[in-house]
Amino acid sequence: MCTPFIRNHQLNLIKKQVGELQKACSTVSDPKVIASVRSNTPFKVMEAFPGATEAEQKLLESFASLNTPLEFQGYLRSLEEYVKPFDSVEEKQLKKLFPKAKKLKVPDLAAIDLRYVTYLGWTDIATNKMYLAYHLNGRLVGVEGRFTPVQKKSVCFLCNRHEEVALFSAVTKSRPANASPDYYKAIGNYMCVNSESCNNNITDVTVLERFISDIVL
């Protein structure tokens, strides 16, 4: 039996690929096309698990032989016990990440299912601030930035989905060697207003980790 090894963004990727195969099985009549999808979808999943053990590989690839909606649904349910949750955090840990925010309001941690969290994100409408918490290289780090709603849908730079977004701008701590004392640089991107939706969509953390690294390192 495998121990939990599937992170939230990887689970989202699996769901996407399983959905692609299920759609092909339900709507495509050409056996060659279906066979191609059966080959490609597990391959895309395995790309996200370069260090998978033999048992993990067998589990991840097993959906390739399924055919019916009930079979696909059952497969996704079977993965739940292998999902590795976001490491639990306490309110005091989050407040420690943002010492300048004296009246920081944190989300209701008890109400969050950490299995389906890639990053913790929340907003403070009163101050137009957005806060992110993420485990980067084994360390919990936080990013604070200005949150500017744009009242439209656009592509989120983290999950790459078309959602209601806001412009999130954060000041990087990195400074050029000869920078003046008042130097600062802000990095801004459009990201989901609703962090829960973003966590349900994100399939890759490369951009997220690069963004956080640019801010905090």
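Residues numbered from 1 in each chain as written. Predicted model: local features only at pLDDT ≥ 70, side-chain atom pairs only at ≥ 80, totals over all residues. Heavy atoms only, no water.

A few words on the sheet that holds strand 2 (residues 129-136). If you trace the five strands from one edge of the open sheet to the other, you get 1-2-3-4-5, paired in antiparallel fashion. Every interior strand has two partners, whereas the edge strands, strand 1 (120-124) and strand 5 (186-192), have only one. This sheet shows a mean twist of 35° between the axes of neighbouring strands, independent of strand direction. As paired elements, strand 2 and strand 3 (residues 139-155) share eight bridges and run antiparallel to each other. The residue of strand 3 that forms the bridge with tyrosine 134 is valine 141. The strands that helix 7 (residues 206-216) touches are strand 2, strand 3, strand 4 (162-171) and strand 5; relative to strand 2, the one it contacts most, it runs at about 105°. (Pairing = 2+ DSSP bridges. Helix = DSSP H or I, 4+ residues; strand = E, 2+ residues; numbered from the N terminus. Axes fitted to C-alpha atoms, helices over the stretch in contact; angles between N-to-C directions. Contact = heavy atoms within 4.5 Å.)

For helix 2 (residues 31-47), spanning 17 residues, the distance from its first C-alpha to its last is 25 Å, which sits close to the expected 24 Å at 1.5 Å a residue. Within helix 2 the residues assigned to the buried category are Ile34, Val37, Thr41, Pro42, Val45 and Met46. Along the axis of helix 2, the buried residues cluster in a sector spanning 155°; they form a single face. Opposite the packed face of helix 2, turned more than 90 degrees from it, sit the exposed residues Lys32, Phe43 and Glu47. Looking at the buried residues of helix 2, the elements they touch are helix 1 (8-27) and helix 3 (54-61). N-cap assignment for helix 2: the residue whose side-chain oxygen lies 2.9 Å from the backbone N of lysine 32 is aspartate 30. (Expected span 1.5 Å × (residues − 1). Buried < 20%, exposed > 50% of the residue type's maximum accessible area, 1.4 Å probe, protein only. Arc of directions from axis to C-beta. Polar contact = N/O pair within 3.5 Å; in protein donor to acceptor, adjacent residues only side chain to side chain.)

The geometry of helix 1 relative to helix 4 (residues 69-78) is characterised by a closest axis approach of 10 Å and an angle of 170° between their N-to-C directions. The angle between the axes of helix 1 and helix 4 places the two elements in the roughly antiparallel class. Facing Ile14, Lys15, Val18, Leu21, Gln22 and Cys25 of helix 1, the residues of helix 4 in contact are Pro69, Phe72, Tyr75 and Leu76. Partitioning the contact of helix 1 with helix 4 into residue classes produces eight nonpolar, one polar and one charged. (Parallel < 35°, antiparallel > 145°, perpendicular 65-115°, else oblique. Nonpolar A, V, L, I, M, F, W, Y, C, P; charged D, E, K, R; others polar.)

With that settled, consider the nonpolar core. In terms of nonpolar packing, the biggest core is built from 26 residues, with Tyr119, Leu132, Val143, Leu158, Met191, Phe211 and Ile212 touching the most fellow members. Mapped onto this core, the elements with two or more residues apiece are strand 2, strand 3, strand 4, strand 5 and helix 7. Tallying contributions element by element places helix 7 first for this core, with five residues. Setting aside anything within four residues of it in sequence, one finds methionine 191 in contact with Tyr119, Met130, Leu132, Cys156, Phe157, Leu158, Glu164, Val165, Ala166 and Phe168. In terms of nonpolar packing, the next biggest core, distinct from the first, is built from 22 residues, Cys2, Leu11, Val37 and Phe72 among them. (Core = buried A, V, L, I, M, F, W, Y, C linked by side-chain atoms within 4.5 Å.)

Scanning the model with the defined rule gives four salt bridges in all. When the shortest N-O distance is used, the salt bridge between lysine 92 and glutamate 90 registers 3.8 Å. On the basis of relative accessible area, lysine 92 is assigned to the exposed category, the value being 61%. On the basis of relative accessibility, which here comes to 45%, the residue glutamate 90 falls in the partly exposed class. With a closest N to O distance of 2.8 Å, lysine 129 and glutamate 144 form a salt bridge. Taken together, the residues lysine 129 in strand 2 and glutamate 144 in strand 3 connect sequence positions 15 residues apart. A relative accessible area of 28% means that glutamate 144 is categorised as partly exposed. (Salt bridge = Lys/Arg side-chain N within 4 Å of Asp/Glu carboxyl O.)

It is worth spelling out the packing of aromatic side chains at this point. Each aromatic ring pair is described using two quantities: the centre-to-centre distance and the angle formed by the ring planes. Per the stated rule, a full pass over the model turns up eight aromatic pairs. Where phenylalanine 63 meets tyrosine 75, the ring centres are 5.6 Å apart and the plane angle is 45°; that geometry is what we call tilted. One end of the pair, phenylalanine 63, is in the loop between helix 3 and helix 4; the other, tyrosine 75, is in helix 4, and 12 residues separate them in sequence. The burial state of phenylalanine 63 is the same as that of tyrosine 75; both residues are buried. Ring geometry for phenylalanine 98 versus tryptophan 122: centroids 6.0 Å apart, planes at 85°, classification edge-to-face. Taken together, the positions of phenylalanine 98 in the loop between helix 5 (91-97) and strand 1 and tryptophan 122 in strand 1 put the pair 24 residues apart, joining distant regions of the chain. Across the pair, tryptophan 122 and phenylalanine 98 agree in class, each one buried. Taking NZ or CZ as reference, lysine 152 lies 5.9 Å from the ring centre of tyrosine 190, over its face. (Phe/Tyr/Trp six-rings, centres within 6.5 Å; stacked < 30°, edge-to-face > 60°. Lys NZ or Arg CZ within 6 Å of the ring centre and 35° of its normal.)

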